[in-house]
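Each chain, letter by letter, is given below.
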Amino acid sequence: MAHSPDNPAQALTAEPSRALSGRIRVPGDKSISHRSLIFGTLAVGETIITGLLEGDDVLATAEAMRRLGATVTRELDERGRPVWRVQGVGVGGLKAPEEALDFGNAGTGARLVMGLVAGHPITATFVGDASLSRRPMGRVTVPLAMMGATFQAREGGRLPLTLTGAPRTMPITYELPVASAQVKSAVLLAGLNAPGVTTVIEPVPTRDHTERMLKAFGAKVDIVPHGVGGLAIHLTGEPELTPCPIIVPGDPSSAAFPVVAALITPGSDIVVEGITLNPHRAGLYTTLIEMGGDIEVMHQREEGGEPVADLRVRSSALHGVVVPPERAPSMIDEYPVLAIAAAFATGNTVMNGIHEMRVKESDRIAATAQGLRHNGIKVHETDDGMTVEGRAGHVDGGGHVVTHMDHRIAMSFLVMGLGAQKPVTVDDAAMIATSFPDFLSLMRGLGATFVGHRQ
Ligand code: S3P
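This is a predicted model, so every value here is computed, not measured.

Participant: Explain the overall build of the chain residue by residue, including any values.
Facilitator: Summing up its helical and strand segments, the chain has 12 helices and 24 strands in all. Computed over the C-alpha atoms, the radius of gyration of the chain is 21 Å, within 12% of the 23 Å expected from 2.2 N^0.38 for a compact globule of 455 residues. If one aligns the C-alpha atoms of the chain with their principal axes, the spans along those axes are about 60 × 50 × 45 Å. Among the 455 residues that make up the chain, the fraction classed as buried is 59%. On the chain, roughly 16,100 Å² of surface is accessible, and the fraction owed to carbon and sulfur atoms is 53%.

Quick look at the structure:
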């Protein structure tokens, strides 16, 4: 569990590791997991979900769906695997929640559900933890207000905020000012209950799980090229959504941690099974291969409407690269761990066009640069990027890293400690439970050593 009075911040140290080896399966994709619960709620009838990520972020969305009227249950199948069932209420069928909807650390849950509620004539209050309460919400409240929703929020539109959906939602055409799948999804979710066609224009394509799921549940969605490299997504409102069984594939953003750990820990040879390599999510893997990473893509297949593969990863001598800025949306959550790989590479790795990293669970450019410096790595930081000077496999380590309530900063620097000369300590490993509750046990199973310290 992430922070609670019974679960204070817990410092953790990663020891320099022997070679990592073995096969693992990482938990279900976080983006797809949130959406499966939301679409299950909007369908008429029962949606069955297997492979759902049972991290705190997704569990908060499950609880929000219950408060909005869905029946959400969990049971184990005959092989002991969790099966989630959602009895939906249909588009337009949400009830006003009696209590605030608490999204904890989860920006995706909060923003998507704001879109969902905005399309219904109900009032709901959205709250979150200290990290989420610092994150910008204007990016969703602006288009949702154009569709008829009203908001009471703190200055800057941050949480906690109270949203009242439109009595009659208006379809809009909205061009995304930032490359954000969360904003796109919020507008499309509100557009589901609007008469007519809602259009989202994205100058740079972002993850398309919402569009895939809309189609799978029977909505009419047309996606056409727009401008240079962009897309226009047209959604016809007021469909009746039909339940569709969902198999959630492994999360490439979680797989990134064992993959980089194996690349930087000498002698390692691991397999990570069943991760989605949806092209809008696979930018890290393309980049690591360009850096000389020995990553073999095996058993490519399609599962639950997403491309899936197993990855065999062996430790590699990496070299620095310039990451094309247009690749950023397909790996936006992976730059912290890419920066760790870059620290072990020969030469510089240049990452630009990543200003969005500054408004994630923490300011991830600042947090990553600070953590690298504390471990003997030189970093040049700009407003929208950073350049990491690689140490050709010889990273000092020995640092104490501040994670700023950010699960991915915590996991990235624990990974660094496995390949470094000296142990690396993070101030707080508790937030890892938001996205990857089994991280420590899976990594220990591959041979990693972590030592905890109560604070
Ligand atoms: C997500 C979109 C991304 C990503 C987040 C998950 C989603 O955020 O960083 O972890 O599931 O739609 P933005 O849309 O704000 O870039």
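Participant: Please give an account of the nonpolar core that cites residues and values.
Facilitator: Formed by 76 residues in total, the largest nonpolar core has its most connected members in Leu288, Tyr335, Met351, Leu372, Met416 and Phe439. Discounting residues that sit within four places of it in the chain, tyrosine 335 has contacts with Val323, Arg327, Ala328, Met351, Ile354, Met357 and Met386. Formed by 62 residues, the second largest nonpolar core is a distinct cluster that contains Phe39, Leu53, Ala118 and Ala219.

Participant: Before we move on, can you summarise the packing of aromatic side chains with the specific residues and values?
Facilitator: Under the counting rule described, the total for this entry stands at five aromatic pairs. Aromatic side chains phenylalanine 39 and phenylalanine 217 sit 5.7 Å apart centroid to centroid with 35° between the ring planes, which places their arrangement in the tilted category. Of this pair, phenylalanine 39 sits in helix H1 (residues 30-42) while phenylalanine 217 sits in the loop between helix H6 (209-216) and strand E12 (221-226), placing them 178 residues apart in sequence. A single burial state applies to phenylalanine 39 and to phenylalanine 217, both of which are buried. Relative to phenylalanine 126, the ring of phenylalanine 103 lies with its centre 5.7 Å away and its plane at 15°, an arrangement referred to as stacked. Residue phenylalanine 103 is found in the loop between strand E6 (101-102) and helix H3 (107-118), and its partner phenylalanine 126 is found in strand E7 (residues 123-127); the two are separated by 23 residues along the sequence.

Participant: Explain the domain arrangement of the chain residue by residue, including any values.
Facilitator: Where interface size is given, it is often the accessible area lost as the parts come together that is meant. By domain assignment, the chain separates into domain 1 (10-28 + 249-454) and domain 2 (30-244). Centre-to-centre, using C-alpha coordinates, domain 1 lies 28 Å away from domain 2. For the pair domain 1 and domain 2, the two sides together bury roughly 2,200 Å², of which 50% comes from carbon and sulfur. On the domain 1 side of the contact with domain 2, His280, Glu361 and Thr434 bury the most area, a combined 24% of that side's loss. With its nearest N and O atoms 3.7 Å apart, the salt bridge here joins arginine 135 to glutamate 361. Taken together, domain 1 and domain 2 are joined by 13 residue pairs in polar contact (both at pLDDT 80 or more). Among the secondary structure elements, those contributing two or more residues to the side of domain 1 that touches domain 2 are strand E17 (306-314) and helix H11 (407-419). For the side of domain 1 that touches domain 2, the class distribution of residues is 10 nonpolar, seven polar and nine charged.

Participant: How would you summarise the environment of alanine 19 if you had to cite specific residues and measurements?
Facilitator: Along the chain, alanine 19 turns up in the loop between strand E1 (10-14) and strand E2 (21-25). The class of alanine 19 is partly exposed, set by a relative accessible area of 29%. Separated by 314 residues in sequence, alanine 19 and aspartate 333 place their C-alpha atoms 26 Å apart. Those residues in contact with alanine 19 that lie beyond four places of it in its chain are Thr265, Pro266, Gly267, Ser268 and Leu446.

Participant: Lay out unusual backbone geometry with the relevant residues and their values.
Facilitator: For residues that are not glycine, phi is negative in most cases, and the peptide bond is trans in most cases. Cis geometry is found at the peptide bond from leucine 159 to proline 160, where omega equals 0°. Note on placement: proline 160 falls in the loop between strand E8 (150-153) and strand E9 (161-164). Here the phi dihedral of glutamate 238 falls at roughly 55°; this positive angle occurs in a residue that is not glycine. Summarising the element assignment, glutamate 238 is placed in the loop between strand E13 (230-236) and strand E14 (246-247). Judged by relative accessible area, glutamate 238 falls into the partly exposed class, the value being 46%.

Participant: Tell me about the sheet that holds E12, residues and numbers included.
Facilitator: Adjacent strands of a sheet pair through backbone hydrogen bonds, lying either parallel or antiparallel. Across the sheet, which stays open at both edges, the four strands sit in the order E10-E11-E13-E12 with mixed pairing between neighbours. Sheet topology places strand E10 (173-175) and E12 at the edges, where each strand pairs with a single neighbour. Averaged over neighbouring strand pairs, the angle between their axes works out to 15° when direction is ignored. With respect to the sheet, helix H5 (residues 181-191) is in contact with E10, strand E11 (197-202) and E13, its orientation differing from that of E11 by roughly 175°.

Participant: Give a description of helix H8 (residues 283-290) that names residues and reports values.
Facilitator: Listed in full, the buried residues belonging to H8 are Gly283, Leu284, Tyr285, Thr287 and Leu288. Structurally, H8 contributes buried residues whose contacts are with helix H7 (252-264), strand E15 (269-276), strand E16 (294-303), E17, strand E18 (322-323) and helix H9 (335-344). In the segment just after H8, glycine 292 is the residue with positive phi, at about 95°.

Participant: Outline the site of the ligand, supporting the account with residue identities and numerical values.
Facilitator: Every residue near the ligand is listed here: Ser31, Arg35, Thr108, Ala179, Ser180, Ala181, Gln182, Arg207, Ile332, Asp333 and Lys360. Within the side chain of serine 180, one N or O atom sits 2.8 Å away from an oxygen atom of the ligand. Between the ligand and aspartate 333, the relevant distance is 2.7 Å, taken from an oxygen atom to a side-chain nitrogen or oxygen of the residue. Coverage of the ligand by the protein amounts to 95% of the 380 Å² it exposes when considered alone. The residue inventory of the shell around the ligand, partitioned by class, reads three nonpolar, four polar and four charged. Both domains that meet at the shell around the ligand, namely domain 1 (10-28 + 249-454) and domain 2 (30-244), each give it at least three residues.

About the cut-offs
- Residues numbered from 1 in each chain as written.
- Predicted model: local features only at pLDDT ≥ 70, side-chain atom pairs only at ≥ 80, totals over all residues.
- Heavy atoms only, no water.
- Helix = DSSP H or I, 4+ residues; strand = E, 2+ residues; numbered from the N terminus.
- Rg over C-alpha atoms; globule rule 2.2 N^0.38 Å.
- Buried < 20%, exposed > 50% of the residue type's maximum accessible area, 1.4 Å probe, protein only.
- Areas by Shrake-Rupley, 256 points an atom, 1.4 Å probe, with all protein chains shown as cover.
- Core = buried A, V, L, I, M, F, W, Y, C linked by side-chain atoms within 4.5 Å.
- Contact = heavy atoms within 4.5 Å.
- Phe/Tyr/Trp six-rings, centres within 6.5 Å; stacked < 30°, edge-to-face > 60°.
- Domains from an automatic or database assignment.
- Buried area = accessible area lost by both parts, 1.4 Å probe.
- Salt bridge = Lys/Arg side-chain N within 4 Å of Asp/Glu carboxyl O.
- Polar contact = N/O pair within 3.5 Å; in protein donor to acceptor, adjacent residues only side chain to side chain.
- Nonpolar A, V, L, I, M, F, W, Y, C, P; charged D, E, K, R; others polar.
- Pairing = 2+ DSSP bridges.
- Axes fitted to C-alpha atoms, helices over the stretch in contact; angles between N-to-C directions.
- Near = heavy atom within 4 Å.

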